[in-house]
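Survey of secondary and tertiary structure
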Amino acid sequence: MTLLKNVIKSIILKVLKLIESHCNYYVARGNQFVPFVNPITGVRVAQPCALNAKETWAYGMDKVLHGVVQLISLEVYQQTIKGAVAELGVFRGFTASVLNQFFPDRKLYLFDTFKGFDQRDLNVEEQLGYNTINYEKFNDTNIELVMKKMAHKNNVVIKKGWFPDSVVGVEDETFCFVLIDADLYQPIYEGLHWFYPRLAKGGFILVDDYHWSDYAGAKKAVQDFSNECGISYVPIPNATGSVVFAKSKI
Ligand SMILES: C[S@@+](CC[C@H](N)C(=O)[O-])C[C@H]1O[C@@H](n2cnc3c(N)ncnc32)[C@H](O)[C@@H]1O
């Protein structure tokens, strides 16, 4: 019975991977959806990198998130918003490869411990009353594996270590777009406080997992930051319910 289940699961994963690898990204233009063509390279963007079956299952299917990232990239280019791109919470680099594809000429800073959650952050979760026992570990990764997925490797800057200690050397940078996908209260809260002042006018910060009950700290971090700083956000209906902060242009 277990063998049969595993065979069926592996067939489903293979079919999903096949579908995913042939999907193009689309963008609404006029009254229709047309394939997304990268404004810099002129290349039609499909699945940005090869994923193994587990990665396709876990990270490869969130087309709404990718759609939002591609539309944000269009805004950034069309409205000439200057600055680098960053991701806080990289794991095996899947979303990072999407960012690298949609912002081919921008520096891409990738912040992660590359060995999973830090005990200091897990302690904060527990103090807040969240049970961390079932949290995924995210330690099955390394920098080489992440870099392999990048189409524009020269622009990628790896910032390995515990955030916010890992920001050393980046303090004077300006960002047009930051994606925070660190799951836990402390890094998300710290990330918002660190990146928002460095966001270009008209820039965007997307925080993943806002409506994801497995990581309740994400919602609290976003709400605490928003209430303390008086900055509002828009929720979006992707797989885990993200939110987007858009910085005023004046
Ligand atoms: C959900 S995973 C990121 C998934 C990734 N965005 C993707 O596309 O697959 C969360 C990541 O956040 C990282 N992380 C969490 N807290 C951190 C901190 N304080 N400093 C650095 N990395 C952190 C973990 O190591 C983990 O790799």
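Parameters and conventions
- Residues numbered from 1 in each chain as written.
- Predicted model: local features only at pLDDT ≥ 70, side-chain atom pairs only at ≥ 80, totals over all residues.
- Helix = DSSP H or I, 4+ residues; strand = E, 2+ residues; numbered from the N terminus.
- Buried ≥ 20, exposed ≤ 12 C-beta atoms within 10 Å, placed from the backbone.
- Contact = placed C-beta atoms within 7 Å.
- Expected span 1.5 Å × (residues − 1).
- Axes fitted to C-alpha atoms, helices over the stretch in contact; angles between N-to-C directions.
- Parallel < 35°, antiparallel > 145°, perpendicular 65-115°, else oblique.
- Left-handed = near helix turned anticlockwise from the far one by under 90°.
- Nonpolar A, V, L, I, M, F, W, Y, C, P; charged D, E, K, R; others polar.
- Near = placed C-beta within 6 Å.
- Pairing = 2+ DSSP bridges.
- Core = buried A, V, L, I, M, F, W, Y, C linked by C-beta atoms within 7 Å.
- Right-handed = clockwise from strand over helix to strand, strands pointing away.

Let us now look at the overall build of the protein chain. If you tally the helices and strands in the protein chain, you get eight helices and nine strands. Counting the 250 residues in the protein chain, one finds 38% classified as buried. The contacts in the protein chain between residues at least 6 apart in sequence include a share of 70% that link residues at least 24 apart.

Taking 1.5 Å of rise per residue, 16 residues should cover 22 Å, and helix α3 (residues 63-78) covers 22 Å from first to last C-alpha, within 8% of that figure. On its buried side, α3 packs onto α4 (94-102), β6 (175-180), β7 (199-207), β8 (234-236) and β9 (242-246). Looking at the residues trailing α3, positive phi occurs at T80, about 40 degrees.

Looking now at the packing of α3 against α4. Relative orientation of the contacting elements α3 and α4 amounts to 25 degrees, with a least axis distance of 10 Å. Between α3 and α4, the crossing angle belongs to the class labelled roughly parallel. Considering how the two elements wind past one another, α3 and α4 form a crossing that is right-handed. Contacts between α3 and α4 involve H66, V69, Q70 and S73 from the first element and V98, L99 and F102 from the second. By residue class, the composition of the contact of α3 with α4 is four nonpolar, three polar and no charged.

In this section: the site of the ligand. Around the ligand, a shell composed of 22 residues is seen, among which G89, F91, T95, F163 and P187 lie nearest. Elements represented by at least two residues in the shell around the ligand include exactly α4 and β4 (108-112).

A word on the environment of K82. Checked against the element boundaries, K82 lands in the loop between α3 and β3 (84-88). Spatially, the C-alpha atoms of K82 and F177 are 9.5 Å apart, while their sequence positions differ by 95 residues.

Turning our attention to the sheet that holds β7. The sheet built from seven strands is open, its strands ordered β5-β4-β3-β6-β7-β9-β8 with mixed pairing. Both outer strands of the open sheet, β5 (156-160) and β8, are each paired with one neighbouring strand and no more. The mean angle between the axes of side-by-side strands here comes to 15 degrees, regardless of whether they run parallel or antiparallel. With four bridges joining them, β7 and β9 adopt antiparallel strand pairing. Across the sheet, residue V207 finds its bridge partner in β9, namely V243. Together, β6, β7, β8 and β9 form the strand contacts of α3, whose direction differs from that of β6 by roughly 170 degrees.

Next up on the list: the nonpolar core. If you look at soluble globular proteins, the nonpolar side chains tend to sit buried side by side. Grouped together as the largest cluster of nonpolar side chains are 56 residues, with contacts concentrated most on I188 and I205. In this structure I188 touches I180, A182, V207, G217, A218, A221 and V222, once residues within four positions along its chain are discounted.

On to unusual backbone geometry, then. With an omega of 15 degrees, the peptide bond between F163 and P164 qualifies as cis. Although it is not a glycine, F114 adopts a positive phi angle of roughly 55 degrees. Within the secondary structure, F114 is located in the loop between β4 and α5 (119-127).

Moving on to the environment of V156. Position of V156 relative to the elements: it lies in strand β5. For V156 and L110, which are 46 residues apart along the polypeptide, the C-alpha to C-alpha distance reads 7.3 Å. When neighbours within four sequence positions are excluded, V156 is seen to be in contact with N100, L108, L110, M147 and M150.

Turning to the pairing of β3, a few remarks are in order. When you tally the buried positions in β3, you get five out of five residues, the bulk of the element. What you see with β3 is no split at all: A84, A86 and L88 on one side and V85 and E87 on the other are buried throughout. In terms of strand pairing, β3 meets β6 through five bridges, oriented parallel. Each residue of the ladder has a partner; that of A84, found in β6, is F175. Relative to β4, β3 runs parallel, the two being bridged by four bridges. Residue pairing across strands places V85 opposite L108, the latter belonging to β4. Considered for its hand, the β-α-β crossover made up of β3, α4 and β4 is right-handed.

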